[in-house]
Structures are given as structure tokens and as C-alpha cells.
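# Coordinate inspection notes
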Amino acid sequence: MNCPKCKSSTKVLDSREAFNWKEIRRRRQCENCGHRFTTYERPEITRFVVIKSNWEKQPYDREKLEDSLIKAITKTDIDVKKLDEMLTELELDWMKNKNWITAKRIWKDVLEKLESMNDVAAIRYASVYYGFKNKEEFIEYIQNLK
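Residues numbered from 1 in each chain as written. Predicted model: local features only at pLDDT ≥ 70, side-chain atom pairs only at ≥ 80, totals over all residues. Heavy atoms only, no water.

## Brief notes about the sheet that holds strand β5 (residues 57-59)
The 3 strands are arranged β5-β4-β6 in an open sheet whose pairing can be described as mixed. Edge strands, defined here as strands with exactly one partner in the open sheet, are β5 and β6 (100-102). Strand-to-strand twist of the sheet, defined as the mean angle between neighbouring strand axes without regard to direction, takes the value 30°. Note: strand β4 (residues 49-51) against β6, 3 bridges, orientation parallel. (Pairing = 2+ DSSP bridges. Helix = DSSP H or I, 4+ residues; strand = E, 2+ residues; numbered from the N terminus. Axes fitted to C-alpha atoms, helices over the stretch in contact; angles between N-to-C directions.)

Right under this line is the structure:
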């Protein structure tokens, strides 16, 4: 691992298990400039294919899903660590039986988790998926949350 500041090699100062033993947290220090930083290592998740509604297939992209979720949780009480734990848990569940998953299943599972965490984040996420055309559709969805 290279230092993010000077690109020199680093040494590990401390290693710990993190996020319920699903990741390893390493505290590192640059051997050249002394800069300290933390890295998180997680086992590489087995790749699986997402089948979209038009039957197009594409590899699962965690970063794409994270980006949309970060927009949904903006200014809510959900922090990025909680979001990361949620995604890791869902990915492990999705990989249990199959090498593929539908985009609809991903969306529904994520929305279900968000609804249990924060209504505002769930509404934001749902509004993108449903593509509400008017305020009545939006209000109807919100009323069904109750």
C-alpha cells in the first residue's frame, strides 16, 4: 500500500476486525513522510450479474448503487458506515443461491431496508425508481408508507 500523500511505501501499525468481522481495519503510516491513514479491506465479493427489466445483463456494480444511496441519505441520520454495512449484508444474501439477480429484487431489498432506517431516505430512493409524474403519485406513495 502506498501513501496517498507522497506515494511511498507504508507499514501497518494496527489491524482490527471491523463491521462484525466482515472487514479488516488497518492503521498505516508512511515510511517516508510519516503520514498516518486508515484502510478497510473486505473480501472480494463473488461477481454476479444483474438482469435489468429489458433483460439486458450487466455486472453488479456496488459503487453505482452506493452513489444513488448516498444521494438518498443526504441530510438524514443514516451515516455512510451504516449504509456500507447494509449493502454488505444485502450482497451476502443476494449471493447465497445465485450468480444473478434482477434489478427489481435489488431495488426492493434496498428500499425495504431504507424504509426501516429512515422514511425520508426511502422516499427519495423510491422517487427515482418509480419516476413519479405528479405530486398525487408522490403523495399516494407516502401515504402507503404509513
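## Description of the sheet that holds strand β1 (residues 10-18)
Paired through their backbone hydrogen bonds, the strands of a sheet run either parallel or antiparallel. The strand order β1-β2-β3 describes an open sheet built from 3 strands, whose pairing is antiparallel. Of all the strands in the sheet, just β1 and β3 (36-41) have a single pairing partner and so form its edges. Going across the sheet, the axis of each strand differs from the next one's by a mean of 25°, ignoring polarity. Two strands pair when backbone bridges link them, and β1 and strand β2 (residues 23-30) are joined in this way by 8 bridges, in the antiparallel orientation.

## Notes on helix α4 (residues 119-130)
For α4, which comprises 12 residues, the first-to-last C-alpha distance of 16 Å matches the rise-based estimate of 16 Å (1.5 Å per residue) to within 8%. Taken as a whole, α4 has its buried residues at A121, A122, I123, Y125 and A126. Of the surrounding elements, those touching the buried residues of α4 are α1 (62-73), α3 (103-117) and α5 (135-145). Its side-chain oxygen at 2.9 Å from the backbone nitrogen of V120, N118 defines the N-terminal cap of α4. (Expected span 1.5 Å × (residues − 1). Buried < 20%, exposed > 50% of the residue type's maximum accessible area, 1.4 Å probe, protein only. Contact = heavy atoms within 4.5 Å. Polar contact = N/O pair within 3.5 Å; in protein donor to acceptor, adjacent residues only side chain to side chain.)

## Examining the packing of aromatic side chains
Tallying each qualifying case throughout the model produces 11 aromatic pairs. The interplanar angle of 75° and the centroid separation of 6.0 Å between the aromatic rings of Y60 and W94 together place this pair among those described as edge-to-face. One end of the pair, Y60, is in the loop between β5 and α1; the other, W94, is in helix α2 (residues 80-95), and 34 residues separate them in sequence. Each member of the pair, Y60 together with W94, is buried. When the ring of F132 is compared with that of F138, the centres are 5.1 Å apart and the planes differ by 85°; the resulting orientation is edge-to-face. Since its relative accessible area comes to 21%, F132 is described here as partly exposed. Pairwise contacts between aromatic rings join W107, Y125, Y129, Y130, F132, F138 and Y141 into one cluster. (Phe/Tyr/Trp six-rings, centres within 6.5 Å; stacked < 30°, edge-to-face > 60°.)

## Some words on the packing of α4 against α5
Interhelical geometry of α4 versus α5 gives an angle of 135° and a closest axis separation of 11 Å. Compared by their axis directions, α4 and α5 come out oblique. In this structure, α4 meets α5 at a crossing whose hand is right-handed. Between α4 and α5, the contacting residues are A122, I123, A126, S127 and Y130 on the first element and F138, Y141, I142 and L145 on the second. Per-class residue counts for the contact of α4 with α5 are 8 nonpolar, 1 polar and no charged. (Parallel < 35°, antiparallel > 145°, perpendicular 65-115°, else oblique. Left-handed = near helix turned anticlockwise from the far one by under 90°. Nonpolar A, V, L, I, M, F, W, Y, C, P; charged D, E, K, R; others polar.)

## Overview of the packing of α3 against α4
Contact geometry of α3 with α4 gives a least axis separation of 8 Å together with a crossing angle of 160°. The angle between the axes of α3 and α4 places the two elements in the roughly antiparallel class. Considering how the two elements wind past one another, α3 and α4 form a crossing that is left-handed. Contacts between α3 and α4 pair K104, W107, V110, L111, L114 and E115 from the former with D119, A121, A122, Y125, A126, Y129 and Y130 from the latter. A class-by-class count of the residues in the contact of α3 with α4 yields 10 nonpolar, no polar and 3 charged.

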